[in-house]
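Analysis of the macromolecular model
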Amino acid sequence: MDYRLIALDLDDTLLDSSKRISRRNREAIDAVRIKGAHVVIATGRAYGALTQFRDTLGLHDYSIHIGGALISDPDGRLIYGDYIAPESVRSIMEWAVKRGIYFQVYTDRDYRYLQRTVHTENYERNVEFAGIEDPDLLTREDLRAAKILLIDTEKTVPEFRRELSPQYPDLSFETSMPWFLEISNRSASKGNALRYIGRHLGIPAEQTAAFGDSEIDLSMIEYAGLGAAMANAAPEIRAAADVVVPSNTDDGVAWGLEKYCLHADRQND
């Protein structure tokens, strides 16, 4: 199959344990682009946290960010946004404040938090992109939130999901890391965003490939004609994928691109 649209998650997929793109991954991405494929970064991060990787790869293509809630065109212009209802944003923020739970709110280009904590420091160090401290977050009338991220512990995050999800049936509650609870509209997914780009480019699902590792990648892995899960992915993600490729620390993206996109005739070797 000639895969003309390829979506790549960043953390624990394209990026290695040092949050860098290996030479082999870069070369494989260059090769599929030379063949004419569109390569789309699909991440839960804010747009500003993926530009360094676009620059590293020399990508001038569409981007999926905030877990699929937002899409930017090759020039970085926002072309699609799926925002949480303001009343839900405010009530979830108030819920978190009452319980002393740290949260971040993602807007078109940045993310905001009430005050800096150790969670802020760890997150900014991990993504190498600073957020904005905003003590007036709860009272802002102009706040357009594409996502709310709760950060706590591996034990408490499932408890938060069980408590909140029945109260907000129009929202999805997913994990990208065991200590992250990502809250967005149910319609805001990487799969729907990838479908949107495919329709815009005239590329069907059958000619689309997607690589990912976590729960927020599941929708695009299921949508794509070739859904590839990393060896380090959660068991349910591997089970849903068409193929399992080596881990992010073993150049799994490059391995998959080489086998299924560059040397398709060798798929059954």
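As the structure is a computational prediction, the values presented were derived from the model and not from experiment.

In total, this model carries 20 salt bridges according to the counting rule given. Notably, a salt bridge pairs Glu-215 with Arg-161, separated by 3.0 Å at the nearest N-O pair. Residue Glu-215 is found in the loop between strand E12 (208-212) and helix H8 (218-223), and its partner Arg-161 is found in helix H6 (residues 156-164); the two are separated by 54 residues along the sequence. Members of the salt-bridge network, linked through shared partners, are Asp-110, Arg-112, Asp-134, Arg-140 and Asp-142.

Across its 14 residues, helix H4 (residues 86-99) extends 20 Å between first and last C-alpha, which sits within 8% of the 20 Å expected from 1.5 Å per residue. Among the residues of H4, Ser-88, Val-89, Ile-92, Met-93, Trp-95 and Ala-96 are the ones counted as buried. Burial along H4 is one-sided: seen end-on, the buried residues are contained in an arc of 155 degrees. For H4, the exposed residues lying more than 90 degrees away from the buried face are Pro-86, Glu-87 and Lys-98. Where the residues of H4 are buried, they touch strand E6 (102-106), strand E9 (147-151), H6, strand E10 (171-174) and strand E11 (180-185).

As judged from the 4 bridges shared by E10 and E11, these two strands associate in the antiparallel manner. Across the sheet, the residue bridging to Phe-173 is Ile-183, located in E11. Hairpin geometry of E10 and E11 is characterised by an intervening segment of 5 residues between the two adjacent antiparallel strands.

Before going further, it helps to examine the packing of helix H2 (residues 23-34) against helix H10 (residues 252-262). The interhelical angle for the contact between H2 and H10, taken along N-to-C directions, is 25 degrees, at an axis separation of 8 Å. Viewed along their axes, H2 and H10 adopt a mutual orientation that is roughly parallel. When the axes of H2 and H10 are compared, the crossing they make is left-handed. Within the contact between the two elements, H2 uses Arg-24, Asn-25, Ala-28, Ile-29, Ala-31 and Val-32 and H10 uses Val-253, Ala-254, Trp-255, Leu-257, Glu-258, Cys-261 and Leu-262.

Okay, the packing of aromatic side chains next. The relation between two aromatic rings is expressed through the spacing of the ring centres and the mutual angle of the planes. Under the criterion given, the structure shown has 9 aromatic pairs. Residues Tyr-123 and Phe-180 carry aromatic rings whose centres are separated by 6.0 Å and whose planes lie at 50 degrees to one another, so their mutual orientation is tilted. With Tyr-123 in helix H5 (residues 118-127) and Phe-180 in strand E11, this residue pair connects regions lying 57 residues apart in the sequence. We note that Tyr-123, like Phe-180, is buried. With centroids separated by 6.3 Å and ring planes inclined at 65 degrees, the aromatic side chains of Trp-255 and Tyr-260 adopt a geometry described as edge-to-face. We classify Trp-255 as partly exposed; its relative accessible area is 30%. In this structure Tyr-260 comes out as buried when scored by relative accessible area, which is 10%.

Our focus in this paragraph is the environment of Phe-53. Take Phe-53: it is sitting in helix H3 (residues 51-57). Residue Phe-53 is classed as buried on the basis of its relative accessible area, which comes to 3%. A C-alpha to C-alpha distance of 21 Å links Phe-53 and Asn-232, two positions 179 residues apart in sequence.

Moving on, we get to the nonpolar core. Ile-6, Leu-8, Leu-14, Phe-211 and Leu-257 are the most contacted members of the largest nonpolar core, which totals 30 residues. Ranked by residues supplied to this core, first place goes to H10 with 5 residues. Excluding its chain neighbours within four sequence positions, the residues that come into contact with Ile-6 are Val-32, Ala-37, His-38, Val-39, Val-40, Ala-209, Phe-211, Leu-257 and Cys-261. Within the second largest apolar cluster, 22 residues are counted, among which are Ile-92, Tyr-168, Leu-171 and Ile-183.

The subject of this paragraph is the side chain of Ser-72. For Ser-72, the location among the structural elements is in strand E4 (residues 70-72). The contacts of Ser-72, once residues within four sequence positions are left out, are Tyr-47, Tyr-62, Ser-63, His-65, Arg-77, Leu-78, Ile-79 and Arg-109.

Bringing the sheet that holds E9 into the picture now. Read across the sheet, 6 strands follow the order E8-E7-E6-E9-E11-E10 without closing on themselves; strand pairing throughout is mixed. Of all the strands in the sheet, the pair left with one neighbour each is strand E8 (132-133) and E10. Alignment of strand E7 (residues 111-113) against E8, held across 2 bridges, turns out to be parallel. Residue pairing across strands places Tyr-113 opposite Glu-133, the latter belonging to E8. H6 contacts E9, E10 and E11 of the sheet and is inclined by roughly 25 degrees relative to E11.

Rules behind the numbers
Residue indices begin from 1 for each chain and proceed along its sequence in written order. Reporting of local features is limited, given that this is a predicted model, to residues whose pLDDT is at least 70; pairs of side-chain atoms are given and counted only at 80 or more, and all residues count toward the totals for whole chains, interfaces and linings. Hydrogen atoms and water are omitted, and side-chain values are computed over all heavy atoms in the structure. The working definition used for a salt bridge is a side-chain nitrogen of Lys or Arg within 4 Å of a carboxyl oxygen of Asp or Glu. A run of H or I in DSSP counts as a helix once it spans at least four residues, and a run of E counts as a strand once it spans at least two, with each numbered from the N terminus. Expected helix span is taken as 1.5 Å per residue step, with the number of steps being one fewer than the number of residues. Under the scheme applied here, a residue whose accessible area is under 20% of the maximum for its type counts as buried, over 50% as exposed, and between as partly exposed, the area being computed with a 1.4 Å probe on protein chains only. Directions are taken from the helix axis to each C-beta atom, and the arc is the one they span. The contact criterion used is simple: two residues touch if any of their non-hydrogen atoms lie within 4.5 Å. Think of it this way: DSSP has to see at least two bridges between two strands before they count as a pair. As a rule, the C-alpha atoms of each element are fitted with a line to give its axis, helices using only the stretch in contact, and angles between N-to-C directions run from 0 to 180 degrees. Any angle that falls under 35 degrees is termed roughly parallel, while one over 145 is termed roughly antiparallel, one within 65 to 115 roughly perpendicular, and all others oblique. By convention, the crossing between two helices is left-handed when the near helix turns anticlockwise from the far helix through less than a right angle, and right-handed when the turn is clockwise. In this scheme Phe, Tyr and Trp rings, the latter by its six-membered ring, pair at centre separations within 6.5 Å, and the angle between planes marks the pair as stacked below 30 degrees, edge-to-face above 60, and tilted otherwise. Among the buried residues, those of types Ala, Val, Leu, Ile, Met, Phe, Trp, Tyr and Cys that are joined through side-chain atoms within 4.5 Å form a nonpolar core.

Honestly, it's all geometry; don't read function into it.
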